[in-house]
Amino acid sequence: MKAYELASGVLRALSEAKEARGMISVVNAHVSGISYMNLGDYGLEFLEDLAATGERVRVPTSSNPCGMDRELWREQGISEDFAAKQARVNAALEKMGIAPTYSCTFPYEGQWSSKLKPGDHVAWAESSAVVYGNSVLGLRSNREGGPSALFSGITGLTPNYGMHLDENRKPTVLIKVEQPIPRGPLEWGLLGKKIAELGEKAKVPYIYGLGRTATKGELKALSAALATFGPTDMFLAPYISPEASKEPPKLEEVTIDGRELEEQSREALDKAVSGETPKAFFLGCPQYGVEELVYIARLLSDVKKVKGDIFIYTSRHALSDQAGFQAVNSLREKGVKVFRDTCPVFSPAPSFSGGVMTDSVKSSFYMPQSKSIRPTLEPTVVSFMLASGELEGKRLTTYVGKAVVAGTAFGEAIVSYKPLSFLGGINPSTGIVIDEESELKGESVKGKVLVYPTGKGSTVGSYIIYAMKKMGTSPAAIIMREADTVTIIGCVLAGIPLVHRVNPDPLEIKAGSMVRVADGTIEVTDR
Ligand code: F3S
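Conventions used here
- Residues numbered from 1 in each chain as written.
- Predicted model: local features only at pLDDT ≥ 70, side-chain atom pairs only at ≥ 80, totals over all residues.
- Heavy atoms only, no water.
- Near = heavy atom within 4 Å.
- Nonpolar A, V, L, I, M, F, W, Y, C, P; charged D, E, K, R; others polar.
- Domains from an automatic or database assignment.
- Axes fitted to C-alpha atoms, helices over the stretch in contact; angles between N-to-C directions.
- Helix = DSSP H or I, 4+ residues; strand = E, 2+ residues; numbered from the N terminus.
- Parallel < 35°, antiparallel > 145°, perpendicular 65-115°, else oblique.
- Left-handed = near helix turned anticlockwise from the far one by under 90°.
- Contact = heavy atoms within 4.5 Å.
- Buried < 20%, exposed > 50% of the residue type's maximum accessible area, 1.4 Å probe, protein only.
- Arc of directions from axis to C-beta.
- Pairing = 2+ DSSP bridges.
- Phe/Tyr/Trp six-rings, centres within 6.5 Å; stacked < 30°, edge-to-face > 60°.
- Lys NZ or Arg CZ within 6 Å of the ring centre and 35° of its normal.

As a further point, take the site of the ligand. Looking at the ligand, there are 13 residues lining it, with Cys104, Cys285, Cys343, Val345 and Lys362 nearest. Residues that form the shell around the ligand fall into these classes: seven nonpolar, four polar and two charged. Taken domain by domain, the makeup of the shell around the ligand includes at least three residues from each of domain 1 (3-161) and domain 3 (276-388).

Written as structure tokens, this is what we have:
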């Protein structure tokens, strides 16, 4: 077999079938379908024959999750035979020069992603990454098949059709999301499913009403669900998509009620809690990134050993980050099973008995097919863990206030009982409080939910808040008794969720509690 001829022949056939406008160069490629579970012996032989030709990829090419954690496969309950076959698949890919990333989030979260810029053409075969790349990063990729992305890696080319062309990136329907803004991966996943089920007209939905502060986890969940349930390879949303207009286009309009999504997720929890106590809990579809790992580690920081089987799937690039590495170490010490290189859908089922839960709409669709287990969806990790007794002795308190800047965020609470000034009170480069009179002096507000009564000091504070957001040192959200103009303007400019006029008094929130802000609703898990 001549690999290059085969690759270019197949791409040519695809190009003719799609009436493409010739071929274009791609910056990188991402291959999928590489779990031995899907490939079987024929697929394995095909890859080994291809690798035996000595052909190597011409553009950087990364790999999707395979069927096992390459080091901890025994802990995963993988058989010797499966592990040996998967190792042969991986060896064939690596012989062709494909990077051993084994991650579905690597294309947009991994080390190569910082070099990508809007308008770059890529050939990715992971559908959730395709939607994320087209929509959030402004890249151009069709939803490649596993082999076509491999052939693009070998040739450095892809047929120029579909999402590579301007005319196919225009919105096809206007989706209006009515308040409240969905929160958490489940609600964003349910939203994606609802939109995707509109079918062809949702080829490029313009989604209006999502606010400005979606978390990466929420965008990943939306992208994954859109691709799982419909033909959508791209969405457009103001403040999220570089190509989205700020004003909604005049198109057929479909309204989705945020309350319905909320209700659906509540129902899911009620069902799960009233049924059999869940024994296994699957997190990480798409694979968890640093932000999500740190969140779970903080949430379980006071738990000595978890009671149920909690499986988290993540990536090597998330573990190469110091915060991600520390979070994973602490989770493993508590008995959480954290695996890399693989995922809940593409690895054989681990053995456990009892109910199964997940926060991923995508894995709830694929797991029954791949593993004959039907997981229950759960709304938020906190609510599940409280309901299932994992966070025994903790209390979930809900505060309600007025959202000045709507949005969702989570983080550890940091509480100042005195008014704060951003100018002169906080070092913007580090996020550390420097105000001599503040009880928080020396503590960092970076990534935390900052609670304080009201503002003080210079009006320049608005710019400081904006600059902190740009530098990555700002709080994740701000909760105040009464927001002052300086903080309001700063948060509006920076897109930092801000809630005030809160009931009960927000200063009752204890420092160190885990706080989730979703518009005007604040969920606090005491530590
Ligand atoms: Fe990723 Fe596997 Fe889900 S590839 S998106 S974790 S099904």
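And the narrative resumes.
A word on the packing of helix 7 (residues 184-196) against helix 8 (residues 216-229). It is at 7 Å that the axes of helix 7 and helix 8 come closest, and there the two elements cross at 30°. By the angle between their axes, helix 7 is roughly parallel relative to helix 8. Taken as a pair, helix 7 and helix 8 cross one another with a handedness that is right-handed. Here helix 7 contributes Gly184, Pro185, Trp188, Gly189, Leu191, Gly192, Lys193, Ile195 and Ala196 to the contact with helix 8, which in turn contributes Gly217, Glu218, Leu219, Ala221, Leu222, Ala225, Leu226 and Phe229. In terms of residue class, the contact of helix 7 with helix 8 is made up of eleven nonpolar, four polar and two charged.

Within the sequence span of helix 15 (residues 461-471), burial applies to Gly461, Ser462, Ile464, Ile465 and Met468. Buried residues in helix 15, looked at end-on, bunch into an arc of 165°, giving them a common side. Turned more than 90 degrees away from the buried face of helix 15, the exposed residues are Tyr463 and Lys470. Of the surrounding elements, those touching the buried residues of helix 15 are strand 16 (426-427) and helix 16 (485-494). At the exit of helix 15 stands Gly472, carrying a positive phi of roughly 80°.

Our next topic: the sheet that holds strand 15 (residues 408-415). An order of 14-20-19-18-15-21-22 is seen for the seven strands of this closed barrel, with the pairing classed as mixed. Between one strand axis and the next, the sheet turns through 35° on average, direction left out of account. Across two bridges, strand 19 (residues 477-480) lies against strand 20 (residues 498-503) in parallel orientation. Note that in strand 20 the partner of Ile478 across the bridge is Leu498.

Glancing now at the packing of aromatic side chains. All chains considered together, the criterion is met by seven aromatic pairs. Taking the centre distance of 5.5 Å and the plane angle of 75° together, the rings of Tyr36 and Phe82 count as edge-to-face. Residue Tyr36 is found in helix 2 (residues 36-52), and its partner Phe82 is found in helix 3 (residues 80-95); the two are separated by 46 residues along the sequence. For the pair formed by Tyr36 and Phe82, the shared burial category is buried. Ring geometry for Phe282 versus Phe311: centroids 4.9 Å apart, planes at 15°, classification stacked. Placement of the pair is Phe282 in strand 9 (residues 278-288) and Phe311 in strand 10 (residues 309-314), with a sequence separation of 29 residues. Assigned by exposure class, Phe282 and Phe311 land together as buried. Taking NZ or CZ as reference, Lys246 lies 5.2 Å from the ring centre of Tyr239, over its face. A cation sits over an aromatic face here: Lys337 above Phe311, 5.6 Å from the ring centre.

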